[in-house]
Each structure stands twice: as C-alpha cells, then as structure tokens.
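Now for the letters of each chain:
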Amino acid sequence: GRMDGSTPSARPRVSVPADRKIVRNGSLDLEVSSLDKALAGIRAETEKAGGYITNESQRRDEYGTRQGAITCRLPAGKLDAALGVFQALGRTESVNVQADDITEQYFNLEIRLRNQQQLEERLVKLLDKPGNKVVDLLEVEREVARVRGEIDELEGRRRFWDSQVSFSTLTVALREPRPIITGGGGGVWDTLKRAGTQAGENLVGTVAWLIAALGVV
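No experiment lies behind these values; they were computed from the predicted model shown. (Residues numbered from 1 in each chain as written. Predicted model: local features only at pLDDT ≥ 70, side-chain atom pairs only at ≥ 80, totals over all residues. Heavy atoms only, no water.)

A. Spotlight on the sheet that holds strand 4 (residues 91–101). What the five strands build is an open sheet, ordered 2-3-5-1-4; its pairing is mixed. Strands with a single pairing partner mark the edges of an open sheet, and in this sheet they are strand 2 (52–60) and strand 4. Across the sheet, the mean angle from the axis of one strand to that of its neighbour is 10 degrees, orientation sign disregarded. As judged from the nine bridges shared by strand 3 (residues 66–75) and strand 5 (residues 167–175), these two strands associate in the antiparallel manner. The partner of Ala69 across the bridge, within strand 5, is Ala173. (Pairing = 2+ DSSP bridges. Helix = DSSP H or I, 4+ residues; strand = E, 2+ residues; numbered from the N terminus. Axes fitted to C-alpha atoms, helices over the stretch in contact; angles between N-to-C directions.)

Structural data, given as structure tokens:
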C-alpha cells in the first residue's frame, strides 16, 4: 500500500481541481467582564478585517446576568487572526472551528452549469433556423425557458458557495460573570429572599411546632 493509504488503481469519480474549495466556520463562547466593551471590540475587529455583522442580540438570564450573541462574517483568510483577538477579550469557555471541503460538489456543479449553457446555445440556434413550424418553435421556446431556469438555479447555488468559501461565519456567545449570592442583602439574594418570604414564615411556624412537640415528648 501507499503511504497515503491509496492504491494504484484508485481513481476519483471526477477529476477534482487542485484549487480546493473549503468552507470554514467557527463558534466561540466567552465570559467577559463587560458585555458592552466585548461587543464593541468584536465589531471593531470585524470591520478592521473587512467583514461585517449579520446578527446581534442581548438579554438577561434568570440570575440577572447579561448575555449576548453576535454573528460575524469574516474574510476566510482572517478567521484565525480574528478568533485570537476575540479570545483575548475574555475567558474562553469553548471554541470550535470546522472546515468542510466542497471541492467535488462545486466542480460537479460547474460541469452541470456548463452543459446547460451549451444546451441553451444550441436551442437558441434552433429558434433562429429559417422555415421552423410554429408548433416546433413553441416547443423549443418551452425548452429554452426550462434550461434557463436551471441555469439560474445553478448560478445562484454557485454564488452562495462562493460566498461561503470567501467569508467564514463566526458566532460568538458572551456572558458576564454570574453574581455571587451572599447574605449581605441586595441583588439576587434580596430578590430570592423577597420571593421566599411566605415560604420562610411557613417554615418558622413548622419549626416552632416541632420544638413544642419535642418538648412535650
């Protein structure tokens, strides 16, 4: 066997070009001291890299902690550098980058597109042929419309893939540190204490009854 695990007789179904088409996307979870500063830093770095923001949101969880999410589209060649800058904005909780090779699918699409374009050219020539019957012309026109529809669909898919290859999507989830619950009052502790006042009174009554019962025993 060969070093790369292939065999002399093994041949790909399609002769795939050496210029690979790679789609790279990533996700990052960060804990940051200031949500506003981190979001501003991500926006600035994305713009500096020649990218753009597609989505941004903020909310508070059940503990009152501020959380946010931002989705960036970055030039594929700038993804790793931007990821490093973003990680420096806080403490990384998780990071993931995935690369998908779509070279063969892309190449197959280009072959289909070229075939349909050649078919369209032949059909258009038939329309210009002198002496055509009306019924034949209508049939050819219907076929031209069908072929053009498929060409539009293939070109749209190619544009989408070109965009996916050229620009990576990086989704960043951020949250500020959760507050520590203490007995000093205020904040989350005060909220929980107010919410549990009635339950606390019931508990005090129950304990008093138990003490009285134990005293009798």
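B. Highlighting the nonpolar core. Counting residues in each nonpolar core, the largest one holds 18 residues, and the members touching the most others are Ile42, Ile70, Leu74, Phe86, Leu170, Val172 and Leu174. When residues of this core are traced back to their parent elements, those giving at least two are strand 1 (22–31), helix 1 (35–48), strand 3, helix 2 (79–87) and strand 5. Not counting residues up to four positions away in its chain, the partners in contact with Leu74 are Thr46, Ala49, Gly51, Leu79, Ala82, Phe86, Ser166, Phe167, Ser168 and Leu170. Membership of the second largest hydrophobic core comes to 13 residues, among which are Leu113, Leu123, Val140 and Leu154. (Core = buried A, V, L, I, M, F, W, Y, C linked by side-chain atoms within 4.5 Å. Buried < 20%, exposed > 50% of the residue type's maximum accessible area, 1.4 Å probe, protein only. Contact = heavy atoms within 4.5 Å.)

C. Expanded view of the confidence of the model for the protein chain. With 73% of its residues at a pLDDT of 70 or more, the protein chain shows a mean pLDDT of 82. Across the protein chain, strand 5 holds the top mean pLDDT of 97, while helix 5 (residues 187–195) sits lowest at 50. Long-range and interchain partners of residues 1–14, a stretch whose pLDDT sits below 50, account for eight contacts in this model, where long-range means more than four residues apart. (pLDDT = per-residue confidence, 0-100.)

D. Expanded view of the packing of aromatic side chains. Enumeration according to the criterion identifies two aromatic pairs in this entry. Aromatic side chains Tyr52 and Phe167 sit 5.8 Å apart centroid to centroid with 50 degrees between the ring planes, which places their arrangement in the tilted category. Taken together, the residues Tyr52 in strand 2 and Phe167 in strand 5 connect sequence positions 115 residues apart. Judged by its relative accessible area of 40%, Tyr52 falls in the partly exposed class. For Phe167, a relative accessible area of 24% gives the class partly exposed. The side chain of Lys21 reaches across the aromatic face of Tyr106, ending 4.6 Å from its centre. (Phe/Tyr/Trp six-rings, centres within 6.5 Å; stacked < 30°, edge-to-face > 60°. Lys NZ or Arg CZ within 6 Å of the ring centre and 35° of its normal.)

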